[in-house]
Amino acid sequence: MSLYQQELTAAIQAVRKAARVTAAVRRELVAGHSLEKNDRSPVTIADYGAQALIFHDLHAVHPDIPAVGEEDAGSLNDPDHAEMRQHLLRFVEQIDSGLSEDEVITAINRGNHSGGAEDRFWSLDPIDGTKGFLRDEQYAIALALIENGKPVLGVLGCPSLPVSAGSQSTGCLFAAAEGVAPFAELLSEPDTSQPVQTSATASADQAVFCESVESGHSSHSASADIIQALGTTSEPLRMDSQCKYAAVARGEADLYLRLPTRPGYEEKIWDHAAGAYLVGAAGGTVTDIEGRPLDFSLGRTLKNNCGIVASNGKFHSAVLDAIQSTGNV
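About the cut-offs
- Residues numbered from 1 in each chain as written.
- Predicted model: local features only at pLDDT ≥ 70, side-chain atom pairs only at ≥ 80, totals over all residues.
- Heavy atoms only, no water.
- Helix = DSSP H or I, 4+ residues; strand = E, 2+ residues; numbered from the N terminus.
- Buried < 20%, exposed > 50% of the residue type's maximum accessible area, 1.4 Å probe, protein only.
- Polar contact = N/O pair within 3.5 Å; in protein donor to acceptor, adjacent residues only side chain to side chain.
- Contact = heavy atoms within 4.5 Å.
- Salt bridge = Lys/Arg side-chain N within 4 Å of Asp/Glu carboxyl O.
- Arc of directions from axis to C-beta.

## What to know about the side chain of His316
Phase 1: With respect to the secondary-structure elements, His316 resides in helix H9 (residues 316-325).
Phase 2: Using a relative accessible area of 7% as the deciding quantity, one classes His316 as buried.
Phase 3: Polar contacts involving the side chain of His316 include one to the side chain of Thr287, which spans 2.9 Å.
Phase 4: Polar contacts involving the side chain of His316 include one to the side chain of Ser311, which spans 2.8 Å.
Phase 5: Every residue in contact with His316, bar those within four places of it in the chain, is listed here: Thr285, Val286, Thr287, Val309, Ala310 and Ser311.

Listed below in structure tokens is the structure:
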């Protein structure tokens, strides 16, 4: 048995529960409704709900492991957010009726750890892909365990991701840990495990690549230059969230590029820890655009890295060369 089997089991169960609350919020507050352009309240409620459920359950099993989370509950104390707070408690109660209001707030605020190079901690993005969530498209619940500055476990819940290319059935969970080979299951059906492995595509000119839907997250023009330099003719597979890492891990795509859009931006660890670990465990390679491994030991951001390149591992150096040759560094 893996040294991390207990942590992996707890992480999978927590992500499954969080997926239920995010689905409930989206079903009631997003799907079929016309939202104001700047109304982010549904995704904020879902963010809080997912983080509350995950950190409450993980703390119950592993109270000694602190957590880095994207959210904190400070704004919920604002009288202007009273309605949001009530929505949050209502949705959480639908999934876990045993949690009190104080327990929900306390669980959300467990994500205040500073990260770093010592010991171990959870890293969570309760909803990665805000705009995908609001568009009723792709988003991910991304949970990792980081130990001594390196991910050792990753779980991705992808509620809207087709179970296979072209399938009408959606809802996947991906997981891996040191000593546990990567696998995928249906979110709605445990014990449907299938192994996950990156593709066998050996040449960059044959690669299927994916990138963010939003050009603000990754430079589409720079990606186009790089893909042209590689000789790739496929259309980009654009999707939100760490579902892109899942696509590379299971061989649906061969390459994921996240290229800098502004100087000085520091990627957040929760945006990459789970997905990057999964791709590496599935046989792929993940670096920044200069070929450096992602450094999760420096707190809450990847301050020593610039951009992300995740590939099936077969032509990674060719991609890095193309980035250099096009001046996109």
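Don't stop here, the text continues.
## Points about the pattern of salt bridges
Phase 1: Using the criterion set out here, one finds 14 salt bridges in the structure.
Phase 2: A salt bridge links Glu28 to Arg90, with the nearest nitrogen and oxygen atoms 3.0 Å apart. In this pair, Glu28 sits in helix H1 (residues 5-29) while Arg90 sits in helix H3 (residues 82-95), placing the two residues 62 residues apart along the sequence.
Phase 3: Ionic pairing is found between Asp288 and Arg292, a salt bridge with its closest N-O pair at 2.8 Å.
Phase 4: Among the charged side chains, a salt-bridge network with shared partners connects Lys17, Asp57 and Asp96.

## Side note on unusual backbone geometry
Phase 1: With a phi close to 60 degrees, Asp119 is a non-glycine residue in the positive phi region.
Phase 2: With respect to the secondary-structure elements, Asp119 resides in the loop between helix H4 (101-108) and strand S2 (120-128).
Phase 3: One non-glycine residue, Asn148, adopts positive backbone phi at about 50 degrees.
Phase 4: Structurally, Asn148 is set in the loop between strand S3 (140-147) and strand S4 (150-162).
Phase 5: Take Asn148: its relative accessible area is 51%, and that puts it in the exposed class.

## Considerations on helix H6 (residues 220-230)
Phase 1: The set of residues buried in H6 consists of His220, Ala222, Ser223, Ile226, Ile227 and Leu230. Taken down its axis, H6 places every buried residue within 155 degrees of arc, on the same side. Exposed residues on H6 whose side chains face more than 90 degrees from its buried face are Ser221 and Gln228.
Phase 2: Of the surrounding elements, those touching the buried residues of H6 are strand S8 (209-211), strand S9 (237-238), strand S10 (255-258) and H9.
Phase 3: Backbone geometry just after H6 places Gly231 at a positive phi near 85 degrees.

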